Amino acid sequence: LPCVELSAKLDHVSKNAYLGVALTSESFFRGAKSAYHTIHNTTEAASVKWLNGMQGFFQIAGLIVLTAASCAGTVLATHIFNFFGPDIQVRKVIILLAAVIGMPIGVGYMTLFDTVGDTILYCWAVQQRRYGYHAEHARKDKQAAANESFAGMFTTYFIAPFA
């Protein structure tokens, strides 16, 4: 089944691959794997999935709001302020055209919002991973420092052999 093998190889490729390339200076596929593992293999993976889902909700809601705002502005211009004159016969067509033109504009804005949100989410996941690494090594260093202190040496050489 070559399709299954190809799907498994390309599973990690997403828009987050560009984040991996930009932030780690790796090739596209290596950056895609790095970004995938950074986001999905963290201890906060559930939080990342929840935040990513909420971001999708805001993207759809923002698209609806921007399209509706385009229609509302056109309704104000045609009905209330009469910018096109009182005898215009094609008001509904103009409002529909405003929605058709406003939707791609909304897609552009919300795609930018999605990219910024993904970048923040990726950087947060990297920071959580770094924090975990540094916290673990700080704990080890603290334990090593305690063992190297006079009391640690005393316990290691005089008490530990008899315990």
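Residues numbered from 1 in each chain as written. Predicted model: local features only at pLDDT ≥ 70, side-chain atom pairs only at ≥ 80, totals over all residues. Heavy atoms only, no water.

Q: Where do I start with the overall build of the chain in this structure?
A: Per the secondary structure count, the chain includes 6 helices and 0 strands. Surface exposure of the chain reaches about 11,800 Å², of which carbon and sulfur atoms provide 70%. (Helix = DSSP H or I, 4+ residues; strand = E, 2+ residues; numbered from the N terminus. Areas by Shrake-Rupley, 256 points an atom, 1.4 Å probe, with all protein chains shown as cover.)

Q: Help me understand the side chain of threonine 78, please; the structure alone is not making it clear to me.
A: Its location among the elements puts threonine 78 in helix 4 (residues 45-80). Residues in contact with threonine 78, not counting those within four places in the same chain, are Phe84, Arg91, Ile94 and Ile95. (Contact = heavy atoms within 4.5 Å.)

Q: Sorry, what's going on with a nonpolar patch on the surface here?
A: On the surface, a cluster of nonpolar side chains totalling about 660 Å² of accessible area is made up of Leu66, Val90, Val93, Leu97, Ile101, Ile105 and Tyr109. With 5 residues, helix 5 (residues 91-148) is the single largest residue contributor to the nonpolar patch. Residue placement: leucine 66 occurs in helix 4. (Patch = residues over 30% accessible without salt bridge, like charges linked within 9 Å, V, L, I, M, F, W, Y side chains within 5 Å. Salt bridge = Lys/Arg side-chain N within 4 Å of Asp/Glu carboxyl O.)

Q: How should the packing of aromatic side chains be read in this particular structure?
A: Each aromatic ring pair is described using two quantities: the centre-to-centre distance and the angle formed by the ring planes. For the structure on display, the rule yields 2 aromatic pairs. Judged by centre distance (5.5 Å) and plane angle (80°), the rings of phenylalanine 28 and phenylalanine 29 are edge-to-face. The class of phenylalanine 29 is partly exposed, set by a relative accessible area of 49%. (Phe/Tyr/Trp six-rings, centres within 6.5 Å; stacked < 30°, edge-to-face > 60°. Buried < 20%, exposed > 50% of the residue type's maximum accessible area, 1.4 Å probe, protein only.)

Q: Before we go on, may I ask you to explain the side chain of aspartate 118 in this structure?
A: Within the fold, aspartate 118 resides in helix 5. Residue aspartate 118 is classed as buried on the basis of its relative accessible area of 5%. A polar contact of 3.3 Å, which involves the side chain of aspartate 118, links it to the side chain of glutamine 55. With sequence-adjacent residues up to four places away left out, aspartate 118 is seen in contact with Lys15, Asn16, Leu19, Asn52 and Gln55. (Polar contact = N/O pair within 3.5 Å; in protein donor to acceptor, adjacent residues only side chain to side chain.)

Q: Can you walk me through the environment of glycine 108 in this structure?
A: With respect to the helices and strands, glycine 108 occurs in helix 5. Linking glycine 108 and leucine 63, residues 45 residues apart in sequence, is a C-alpha distance of 9.2 Å.

Q: Before we go on, may I ask you to explain the confidence of the model for the chain in this structure?
A: It should be kept in mind that the predicted coordinates are not to be read in detail where pLDDT is low. The predicted model of the chain averages 78 in pLDDT, with 79% of residues at 70 or higher. Within the chain, the element-level pLDDT minimum falls on helix 6 (residues 150-159), averaging 54, and the maximum on helix 4, averaging 87. (pLDDT = per-residue confidence, 0-100.)

Q: When you look at the environment of lysine 49 in this model, what are you seeing that I'm missing?
A: For lysine 49, the location among the structural elements is in helix 4. The class for lysine 49 is exposed, based on a relative accessible area of 58%. With 72 residues separating them in the primary sequence, lysine 49 and leucine 121 have C-alpha atoms 10.0 Å apart.

Q: What am I meant to see in helix 3 (residues 28-40) here?
A: Residues spaced three or four apart along an α-helix point in a common direction, a consequence of the helix completing one turn every 3.6 residues. The terminal C-alpha atoms of helix 3 lie 18 Å apart, and with 13 residues this matches the ideal 18 Å at 1.5 Å per residue to within 8%. The complete set of buried residues in helix 3 reads Gly31, Ala32, Ser34, Ala35, Thr38 and Ile39. End-on view of helix 3: buried residues confined to an arc of 165°, all on one side of the axis. (Expected span 1.5 Å × (residues − 1). Arc of directions from axis to C-beta.)

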